[in-house]
Amino acid sequence: MTEAPQSQFLSLHLIETLVAVLPVRDENAQPKSLVFGGVERHMVTSQARRRAERVHARNRANSGRGALKGRSMGIRTREWAILAGHELESAHGWEKEKALVTARAVMEASGLKFGDPKKKTVANLTKVLVFAPSDAAVRIAGHIADQAAEVEEWRDAYFEAQASAEAAKKARRGARKNAASSPEAEETDGTSTAQPVVSVPLPPLPKATRDAVLLALAPRDAVDIALYGRFLAEIPDSPNVDGAVQTGHAFTVHEAEQIEDFYAAADDAKLDRKRNALSFLDAADDAGAGMTGYQSLISGTFYRHAVLDRTQLRTNLRAAGMDEREAETAASEAEKEFVNAFVEAFPEAKKNSTASTGSLPALVLAFEGERPYNYASAFQRPVDEGPVSTGGEGPAGPAAVRRLLRHHAFVSRRREDLRAARMLTYDPEIDALLGELGLPESLTMVERAEDLTP
């Protein structure tokens, strides 16, 4: 029997309940929020979700687990010059300082902008995060080592030109300052006597070296770049990638619930001294906590949503150099790992003090369609957690599941392209609820995340 062709979009919808957590916060260490349906909701941003999912998939692939094991993956960092310098030092025997300044100069001349060279903390960091294949630094260092004589000759000329340009700039500043402070400056008729600016051209990076840097930083076959995309404006001829994954902000299905948790941290040395005090006066001097403060924590049932564009994913993989057959295989593997990460991954902020990463969803709904479908409108009216007997909907988790499935069933009757719908739950109460709802046969229950996609 021939399988039906897959639809372009795989839509994922998830209901999860979190208690006393803070997975993402703003610049004031407060939970992020949005107003929807006339009330404030807690929000977990798509940026936080996407990074958690991307890193989850990358770590599994690099450790030989999951559908993408053995596949090339990417790293997003500002430290490419440092990584390339370290590779020159450790693998090619270059002196540490020479390796670092050479790698930085080569990448700067390729088009990347770096921090202020006078500030050690940022001098060797690119101004923007660069998402590139994880072996980019190895490739750049390998080319520099292979072409050492030519690159070092260019580097010395590059530094000399930079020094000349800086000296000329200081001289112009000094001349302007002297001219402005001289008595004659007040008697001029407004015409400028400043010397024309003469720019000192920097020697261009040898073409072969620039091409090697661009190839190293190109997306190539890094599957997570094909999934999540990248934008690198600083180098116009370095390809950008339109991501195949669309992610919505997660939000609570009910009004925001927040507490300000007062905490007191003990000072171990103070407590030991108090315990061994020889008089009550000594003990009294060590009264009180070592440190106190407040932290904001949130609880709630969240709805979150993401979409995979299968066509865009295959386009990205083909553009990376894969033939049609390999791109198809890689796309199928990437889809399974994306679904797994959507279910399993979680932002790690305060994970040790809140155990937030141990949460599992109450329900995951996955289905195919010829366009993306976002069911956020099912929760525009906040869930009323009051007793059912008084007109409420009961606990938010089961109420959100009922709303989501009712919304999907309603839409499905009106959209012929929706098909291959699957559900997964990790909550026995939700499992029992699904049995009571009398769901249509088009909704298939699965027991593993990898079965949510064909």
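Taking an unreviewed UniProt entry as the reference, the protein is identified by name as Type I-E CRISPR-associated protein Cas7/Cse4/CasC belonging to Streptomyces ehimensis.

Turning to the pairing of strand β2 (residues 33-36), a few remarks are in order. Both β2 and strand β3 (residues 39-44) contribute to a ladder of four bridges, which runs antiparallel. Within the sheet, the bridge partner assigned to leucine 34 lies in β3 and is arginine 41. With antiparallel pairing between neighbouring strands as the criterion, β2 and β3 make up a hairpin whose turn holds two residues, including glycine 37 at a positive phi of roughly 65 degrees.

At their nearest, the axes of helix α2 (residues 80-92) and helix α3 (residues 96-109) sit 8 Å apart, and the two run at 135 degrees to each other. Judged on the interaxial angle alone, α3 and α2 are oblique. The crossing of α2 and α3 is right-handed. When α2 is examined against α3, the residues Trp80, Ala81, Ile82, Ala84, Gly85, Leu88 and Glu89 are found in contact with a partner set consisting of Lys96, Ala99, Leu100, Ala103, Arg104 and Met107. Each residue belonging to the contact of α2 with α3 can be placed in one class, and the counts come to nine nonpolar, one polar and three charged.

It is possible for side chains of opposite charge to pair when their charged atoms get near one another. A full pass over the atoms with the stated rule returns 24 salt bridges. Arginine 139 is the salt-bridge partner of aspartate 135, the closest N and O atoms lying 3.3 Å from each other. The exposure class assigned to aspartate 135 is partly exposed, which follows from its relative accessible area of 28%. Two residues, arginine 220 and aspartate 135, come together in a salt bridge whose shortest N-O distance is 2.7 Å. Here arginine 220, found in the loop between α6 (207-217) and α7 (223-228), pairs with aspartate 135, found in the loop between β5 (130-133) and α4 (136-146); they are 85 residues apart in sequence, far enough to count as distant. Among the residues examined, arginine 220 registers a relative accessible area of 13% and is labelled buried. Where salt bridges share partners, they join Glu16, Arg49, Glu53 and Arg304 into one cluster.

Scoring rules and cut-offs
Residues numbered from 1 in each chain as written. Predicted model: local features only at pLDDT ≥ 70, side-chain atom pairs only at ≥ 80, totals over all residues. Heavy atoms only, no water. Pairing = 2+ DSSP bridges. Helix = DSSP H or I, 4+ residues; strand = E, 2+ residues; numbered from the N terminus. Axes fitted to C-alpha atoms, helices over the stretch in contact; angles between N-to-C directions. Parallel < 35°, antiparallel > 145°, perpendicular 65-115°, else oblique. Left-handed = near helix turned anticlockwise from the far one by under 90°. Contact = heavy atoms within 4.5 Å. Nonpolar A, V, L, I, M, F, W, Y, C, P; charged D, E, K, R; others polar. Salt bridge = Lys/Arg side-chain N within 4 Å of Asp/Glu carboxyl O. Buried < 20%, exposed > 50% of the residue type's maximum accessible area, 1.4 Å probe, protein only.

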